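Below are the chains, spelled out letter by letter.
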Amino acid sequence: MLRERAAPGAGRAAPPAGRSVGAVQIAAAEALARMGQADAALPVLERWLEKTDDPPLALQAANVLDRLGPIALPSLPAMKRVLQRPAPAGDNVGREPPVPHRVLRRAVPELEGRVPPLVYP
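Just so you know, these numbers come straight off a predicted model, no measurement behind them.

1. Points about the nonpolar core
Consideration 1: Within the largest apolar cluster, 27 residues are counted, with the highest numbers of intra-cluster contacts made by Ile26, Leu45, Leu49, Leu65, Leu68 and Met79.
Consideration 2: Elements supplying a minimum of two residues to this core: α1 (22-34), α2 (38-49), α3 (55-68), α4 (76-84) and α5 (101-111).
Consideration 3: Among the elements that make up this core, the one with the highest residue count is α2 (seven residues).
Consideration 4: The residues touching Leu45, leaving out its near neighbours within four places in the chain, are Ile26, Ala29, Ala61, Val64, Leu65 and Leu68.

2. Re the pattern of salt bridges
Opposite charge on two side chains permits pairing when their charged atoms draw close.
Consideration 1: Per the counting criterion, the structure on display carries eight salt bridges.
Consideration 2: For Arg81, the salt bridge is made with Glu50, and the minimal N-O distance between the two is 3.1 Å. Of this pair, Arg81 sits in helix α4 while Glu50 is found in the loop between α2 and α3, placing the two residues 31 residues apart along the sequence.
Consideration 3: Judged by relative accessible area, which is 40%, Arg81 ranks as partly exposed.

3. Here we look at empty space enclosed by the protein
Consideration 1: Summed over the entire model, instances satisfying the criterion amount to two cavities of 30 Å³ or more.
Consideration 2: Within this model, the second largest cavity holds a volume of roughly 30 Å³.
Consideration 3: The wall of the second largest cavity is formed by Leu65, Asp66, Gly69, Ala107, Glu110 and Leu111.
Consideration 4: Looking at the lining of the second largest cavity, the elements with two or more residues in it are α3 and α5.

4. Some thoughts on α5
Consideration 1: With respect to burial, α5 is a largely interior element, eight of its 11 residues being buried.
Consideration 2: Three or more residues of α5 are buried, namely His101, Val103, Leu104, Ala107, Val108, Pro109, Glu110 and Leu111.
Consideration 3: Contacts from the buried residues of α5 go to α2, α3 and α4.
Consideration 4: Taken from the residues just after α5, Gly113 is the one with a positive phi, measuring 80°.

5. Here's the deal with α2
Consideration 1: Between its first and last C-alpha, α2 extends 15 Å over 12 residues, near the 16 Å set by a 1.5 Å rise per residue.
Consideration 2: Burial analysis of α2 places nine of its 12 residues in the buried class, the great majority of the element.
Consideration 3: The inward-facing, buried residues of α2 abut α1, α3, α4 and α5.

6. Overview of the environment of Val108
Consideration 1: Examined against the element boundaries, Val108 turns out to sit in helix α5.
Consideration 2: Put simply, Val108 and Leu65 are 43 residues apart on the chain and 9.8 Å apart in space, counted from C-alpha to C-alpha.
Consideration 3: Not counting chain neighbours up to four residues away, the residues in contact with Val108 comprise Leu76, Met79, Lys80, Leu83 and Arg114.

7. Quick word on the packing of α1 against α2
Consideration 1: Two numbers describe how α1 lies on α2: the axes approach to 8 Å, and their chain directions differ by 145°. Judged by the sense of rotation from one axis to the other, the crossing of α1 with α2 is left-handed. Of the residues in α2, those in contact with Gly22, Gln25, Ile26, Ala29, Leu32 and Ala33 of α1 are Ala38, Ala41, Val44, Leu45, Arg47 and Trp48.
Consideration 2: Of the residues in the contact of α1 with α2, the class split is nine nonpolar, two polar and one charged.

The rules we used
Residues numbered from 1 in each chain as written. Predicted model: local features only at pLDDT ≥ 70, side-chain atom pairs only at ≥ 80, totals over all residues. Heavy atoms only, no water. Core = buried A, V, L, I, M, F, W, Y, C linked by side-chain atoms within 4.5 Å. Buried < 20%, exposed > 50% of the residue type's maximum accessible area, 1.4 Å probe, protein only. Helix = DSSP H or I, 4+ residues; strand = E, 2+ residues; numbered from the N terminus. Contact = heavy atoms within 4.5 Å. Salt bridge = Lys/Arg side-chain N within 4 Å of Asp/Glu carboxyl O. 1 Å grid on protein atoms, 1.4 Å probe; cavity = no way out; pocket = protein on both sides within 12 Å on 5 of 7 lines; lining within 4 Å. Points joined across faces, edges and corners; volume = space filled by probe spheres on them. Expected span 1.5 Å × (residues − 1). Axes fitted to C-alpha atoms, helices over the stretch in contact; angles between N-to-C directions. Left-handed = near helix turned anticlockwise from the far one by under 90°. Nonpolar A, V, L, I, M, F, W, Y, C, P; charged D, E, K, R; others polar.

Take a look at the structure:
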């Protein structure tokens, strides 16, 4: 949330892993990516994005990758892999695309420069 103002704490930040909860790992990865440590953060986000047994956390990871914009470019292959997979059973509500596909269907073309980016505050 602090974005650039979190930079002074970057030296104390460690790549999120181990026993911490998925939501915490994803939030910590977003912070690290915004502090210039995308090489440590993106693999964590990709791992959660590709977890088919936890759609809410996959959606959270997709949302973070979308918000990161160009920082997330190295994760484009993982995002495309997820879009090519069928959704887990029970993940498709009505006629909506499955989670996290709804986010990735916008984020991938945006990262590829095929659609204009959404603006985040």
